[in-house]
Amino acid sequence: YRRLQQVRKYVPITAFFFWGRSHEARLRLHSDIWRKASEFGYSVCDNLYHFNEFMKNEAGVKYVSLWQPHYCRVEIGSLLQVQELSKFSIAMPGAGIKTFRATGESCVNAIPCMPYDNLAWTFPFIHGENCIKLVEEKEIEYLEEHKNDERNYDIYLGAMELANKYRVESYIQHIEKLINERL
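The following paragraphs examine the structure supplied in this document. Just so we're clear, the structure is a prediction, and the values are computed from it rather than from any experiment.

With that settled, the discussion passes to the nonpolar core. If you look at the biggest cluster of nonpolar residues, it comprises 24 residues, and the most contacted ones within it are Ile33, Tyr63, Ile90 and Leu143. Elements supplying a minimum of two residues to this core: strand E1 (13-19), helix H2 (24-35), strand E4 (86-90), strand E5 (111-115), strand E6 (132-134), helix H7 (139-146) and helix H8 (152-166). In terms of residue count, the dominant contributor to this core is H8 (five residues). Residues Ile13, Val64, Leu66 and Leu79 belong to the second largest nonpolar core, which totals twelve residues.

Across all of its chains, the model carries eleven aromatic pairs by this definition. Ring centres of tyrosine 42 and tyrosine 63 lie 3.9 Å apart, and the angle between their planes is 20 degrees; this geometry places the pair in the stacked category. Of this pair, tyrosine 42 sits in the loop between helix H3 (37-40) and strand E2 (43-45) while tyrosine 63 sits in strand E3 (residues 62-67); the two residues are 21 residues apart in sequence, bridging distant segments of the chain. Per residue, the accessibility class of tyrosine 42 equals that of tyrosine 63, and both read buried. Judged by centre distance (5.3 Å) and plane angle (85 degrees), the rings of phenylalanine 123 and tyrosine 166 are edge-to-face. Linking phenylalanine 123 in the loop between E5 and E6 with tyrosine 166 in helix H8, this pair joins segments that are 43 residues apart in sequence. Just as phenylalanine 123 is buried, tyrosine 166 falls in that class too.

According to the stated counting rule, one finds ten salt bridges in the structure shown. In this structure, arginine 28 engages aspartate 32 in a salt bridge whose closest nitrogen and oxygen atoms are separated by 2.8 Å. Separated by four residues within a single helix, arginine 28 and aspartate 32 lie in helix H2, roughly one turn from each other. By relative accessible area, which is 6% here, aspartate 32 ends up buried. Note that glutamate 139 and arginine 28 form a salt bridge whose closest N and O atoms lie 2.7 Å from each other. Linking glutamate 139 in helix H7 with arginine 28 in helix H2, this pair joins segments that are 111 residues apart in sequence. The class of glutamate 139 is buried, set by a relative accessible area of 2%. For arginine 28, a relative accessible area of 18% corresponds to the buried category. Through salt bridges with shared partners, one network takes in Arg28, Asp32, Arg35 and Glu139.

Across the five residues of E4, five count as buried, placing the element largely inside the fold. Here three bridges tie E1 to E4, and the two strands are oriented parallel to one another. Bridging across to E4, isoleucine 13 finds its partner in serine 86. Taken together, the three bridges between E4 and E5 define a ladder with parallel strand orientation.

Before going further, it helps to spend a moment on a nonpolar patch on the surface. Taken together, Ile175, Leu178, Ile179 and Leu183 make up a surface patch of nonpolar side chains, about 380 Å² in accessible area. With a relative accessible area of 80%, leucine 183 lands in the exposed category.

Across the sheet, six strands lie side by side as E2-E3-E1-E4-E5-E6; this open sheet has parallel pairing. Strands with a single pairing partner mark the edges of an open sheet, and in this sheet they are E2 and E6. With direction set aside, neighbouring strand axes in the sheet form an average angle of 25 degrees. In the sheet, E2 pairs with E3 via three bridges, with the strands oriented parallel. Across the sheet, cysteine 45 pairs through a bridge with valine 64, a residue of E3. In the packing of helix H5 (residues 76-83) onto the sheet, the strands contacted are E1, E3 and E4, and the crossing angle to E1 comes to about 155 degrees. Here H7 sits on the sheet and contacts E1, E3, E4, E5 and E6; the angle it forms with E6, its principal contact strand, is near 145 degrees.

Criteria and thresholds
Residues numbered from 1 in each chain as written. Predicted model: local features only at pLDDT ≥ 70, side-chain atom pairs only at ≥ 80, totals over all residues. Heavy atoms only, no water. Core = buried A, V, L, I, M, F, W, Y, C linked by side-chain atoms within 4.5 Å. Buried < 20%, exposed > 50% of the residue type's maximum accessible area, 1.4 Å probe, protein only. Helix = DSSP H or I, 4+ residues; strand = E, 2+ residues; numbered from the N terminus. Phe/Tyr/Trp six-rings, centres within 6.5 Å; stacked < 30°, edge-to-face > 60°. Salt bridge = Lys/Arg side-chain N within 4 Å of Asp/Glu carboxyl O. Pairing = 2+ DSSP bridges. Patch = residues over 30% accessible without salt bridge, like charges linked within 9 Å, V, L, I, M, F, W, Y side chains within 5 Å. Areas by Shrake-Rupley, 256 points an atom, 1.4 Å probe, with all protein chains shown as cover. Axes fitted to C-alpha atoms, helices over the stretch in contact; angles between N-to-C directions. Contact = heavy atoms within 4.5 Å.

Scope: geometric values only; no functional claims are made or implied.
Have a look at this one:
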């Protein structure tokens, strides 16, 4: 356990964000990531094709923010390989408030980070237990302030439990159970 905690503590990327332009909050966050890089002193990679050289050549704190428009998708496995090198994975609102990125991608192998909401989730995202809830326009400040928080590993473990609940097989079993209880 302690060894895993040590390994997870030193992941090379602080925050990972991949996005399409289905909500303007995504564009704003990408802009903030770049704008605040000089304030907080981190490096940013915004092109998947530059990623390997970015990792070889940039020192210090790193953020990755990848625009993936609908007309130029990259296979999800490639993106998840970058995400697994990240402490935090950000899921911003999609075409509505919720986004499938929260349940199907961001919580798979990093701590999911998302804006505060008052929405119902089948399996809830609880700030400080299995995710980080971010305040709009203060996302970077929060991540920078908490990137070395000792609680992050426990939040990560909670996120992995949550991800398992949202896996297709587990989710189907949950839905079947609900249906059978009502019959």
